[in-house]
Every structure is written in structure tokens, then in C-alpha cells.
Amino acid sequence: MKDNTQLTADEYWMEKALVLARQAEAAGEVPVGAVLVLNNESVAQGWNQPISRNDPCAHAEIIALQDAGRILKNYRLCDTTLYVTLEPCVMCAGAIVHARVARVVFGAYDRRVGAAGSVFNILNSNRLNHHPAICGGVLEKECVEILQEFFEQRRGTD
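Values in this document were obtained by computation on a predicted structure and should not be read as measured data.

J.: How should I be thinking about the overall build of the protein in this particular structure?
T.: Per the secondary structure count, the protein includes 5 helices and 5 strands. Along the protein, helices (α) and strands (β) appear in the sequence α-β-β-α-α-β-α-β-β-α when read from the amino end. Taking the principal axes of the C-alpha coordinates as reference, the protein spans close to 45 × 40 × 30 Å. Burial statistics for the protein: of 158 residues in total, 45% are counted as buried. For the protein, contacts bridging at least 24 residues in sequence account for 56% of all contacts bridging at least 6.

Structure follows, in C-alpha cells:
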């Protein structure tokens with residue numbers, strides 16, 4: 001990690017998302033964290049919890065979006081930026097579009113199921129009425145490493 005004086009805003013918030021990813025990892029979940037930001041302040045956050053919640057929809061992004069909706073008392077999250085350590089999947093990308101998130105910043109590309117351009121391009125589909133700005137690869141090395149370490153450790157224990 002960089003010295004805080006050298007961090008861009010995107011790197012700063014991605015580091016916050018990485019802390020949440022580590023929280024997911026400590027709970028035995030796939031280490032993905034998300035922070036939703038409005039006016040340079042954290043509105044809501046989430047980390048992967050499908051195992052602990054017995055909920056296939058409990059991805060970091062969904063949890064952050066749901067909490068933000070309750071906090072802001074609006075299902076539309078206009079002018080927000082979602083920081084997430086892994087490229088959103090199709091489910092999460094759909095929720096991001098419906099919530100009208102203005103910008104999505106992610107760390108690691110997901111070459112298996114990514115829906116921000118790696119495999120699918122839900123976030124910029126010309127068939128949908130909302131297209132958030134996308135910025136991928138922010139603190140990519142750190143985001144990839146936490147996922148690789150998690151899955152290497154799981155393969156070693158199974």
C-alpha cells in the first residue's frame with residue numbers, strides 16, 4: 001500500500017474496500033468488499049456474506065446498495081460511486097444499473113464472470129437506460145493477491 005499522502009481518491013476508497021474484503025475472508029467468505037461513496041463520504045459498505053447469511057444474493061455490492069437505499073431513503077443512488085475489490089458479476093451489475101450508480105471502480109478483473117466488460121458488458125449495454133462510468137484495475141495487484149491467497153489456501157485444505 002502507498003503512503004496516504006500519495007493516494008488518489010480512488011485508491012483511498014479501494015483500500016477501504018480491501019479492509020472489508022479481509023473481513024469477509026476472516027469469516028470464511030470469498031474476500032470481496034464494497035464501499036458506496038457520495039460527496040467523498042462513505043454512505044454504505046458491504047462484504048461478501050452468502051455463506052453466513054445462506055443467501056446467494058449477499059454479495060458485497062448488493063449489501064452496500066441495500067444499506068445505502070435504507071440510509072438515503074431512496075432506491076436510486078444517483079451521483080454515487082461504488083468501489084469494489086472485484087469486477088461485479090451479472091447480478092450485481094444489474095442492481096448497479098437499476099440503482100443508477102454514477103460510477104463503478106473495481107480492483108481485480110473477473111475473467112470468469114465479470115460484467116463490467118471482461119466477460120459481459122452489462123454496465124455499458126446499449127439495451128439498458130443507464131450506463132455508469134467504469135474504472136477497472138485500481139489497486140489491482142492488492143485485490144488480485146487477496147483473492148489468490150484465499151483460493152490457494154482453500155485448495156490446500158480441501
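J.: Would you explain the packing of aromatic side chains in this entry?
T.: Throughout the structure, instances matching the rule amount to 3 aromatic pairs. Consider the rings of tyrosine 12 and tryptophan 13, whose centres lie 4.9 Å apart with planes at 85°: the pair is edge-to-face. Judged by relative accessible area, which is 34%, tyrosine 12 ranks as partly exposed. You can call tryptophan 13 buried: its relative accessible area is 8%. Between phenylalanine 150 and phenylalanine 151, the ring centres sit 5.1 Å apart and the planes meet at 80°, which makes this aromatic pair edge-to-face. Judged by its relative accessible area of 5%, phenylalanine 150 is buried.

J.: Could you clarify how one ought to interpret the sheet that holds strand 2 (residues 41-47) in this entry?
T.: Pairing between the strands of a sheet is mediated by backbone hydrogen bonds and can be parallel or antiparallel. Spatially, 5 strands are ordered 2-1-3-4-5 in an open sheet, and the strand pairing comes out mixed. Edge positions in the sheet fall to strand 2 and strand 5 (133-136), since each of these pairs with one other strand and no more. Across the sheet, the axes of successive neighbouring strands diverge by a mean angle of 15°, strand direction being ignored. Where strand 4 (residues 103-108) lies against strand 5, 4 bridges are found, and the strand directions are parallel. Residue pairing across strands places valine 104 opposite isoleucine 134, the latter belonging to strand 5.

J.: Explain the nonpolar core here, please?
T.: Counting 39 residues, the largest nonpolar core has Met14 and Val101 as its most contacted members. Contributing elements (two or more residues each) for this core: helix 1 (9-26), strand 1 (33-38), strand 2, helix 3 (60-72), strand 3 (80-86), helix 4 (90-99), strand 4 and helix 5 (140-157). For this core, the leading source of residues is helix 1, giving 6 residues.

J.: Even after reading the chapter, I still don't get the environment of valine 90, so can you show me in this structure?
T.: With respect to the element layout, valine 90 can be found in helix 4. For valine 90, a relative accessible area of 38% gives the class partly exposed. Residues valine 90 and isoleucine 122 lie 32 residues apart in sequence; the distance between their C-alpha atoms is 6.8 Å. Beyond its immediate chain neighbours, meaning those up to four positions away, valine 90 contacts Val113, Ala115, Phe120 and Ile122.

J.: Just to check I follow, could you spell out the state of the cysteines for this structure?
T.: Here a disulfide denotes one covalent bond, and it connects the sulfur atoms of two cysteines. Applying the stated criterion across every chain yields a total of 0 disulfides. Note on cysteine 57: no disulfide assigned, nearest cysteine sulfur contributed by cysteine 92 at a separation of 8.6 Å. With no disulfide of its own, cysteine 135 has cysteine 143 as its nearest cysteine by sulfur position, at a separation of 12 Å. Assessed through its relative accessible area of 23%, cysteine 135 is described here as partly exposed.

The rules behind each value
What you see as residue numbers is a count from 1 along each chain, following the sequence as written. It should be noted that, the model being predicted, local features are given only for residues of pLDDT at least 70 and side-chain atom pairs only at 80 or more, the latter also being counted only at that level, while totals for whole chains, interfaces and linings use all residues. With hydrogens and water excluded, all non-hydrogen atoms of the structure serve as input to the side-chain values. Helix and strand assignments come from DSSP, with helices taken as H or I runs of at least 4 residues and strands as E runs of at least 2, each series counted from the N terminus. Relative accessibility under 20% of the residue-type maximum defines a buried residue, over 50% an exposed one, and the middle range a partly exposed one, all with a 1.4 Å probe and only protein chains included. We call two residues in contact when some of their heavy atoms are within 4.5 Å. Between 30 and 60 degrees the pair is tilted, below 30 it is stacked and above 60 it is edge-to-face, where a pair is any two Phe, Tyr or Trp rings, Trp via its six-membered ring, whose centres lie within 6.5 Å. Following DSSP output, two strands are said to pair if at least two bridges run between them. Structural elements are reduced to axes, namely lines fitted to C-alpha atoms, with helices fitted over the stretch in contact, and the angle between N-to-C directions of any two is expressed from 0 to 180 degrees. Note on terminology: a nonpolar core comprises buried Ala, Val, Leu, Ile, Met, Phe, Trp, Tyr and Cys residues joined through side-chain atoms within 4.5 Å. Throughout, a disulfide means two cysteine sulfur atoms within 2.5 Å of one another.

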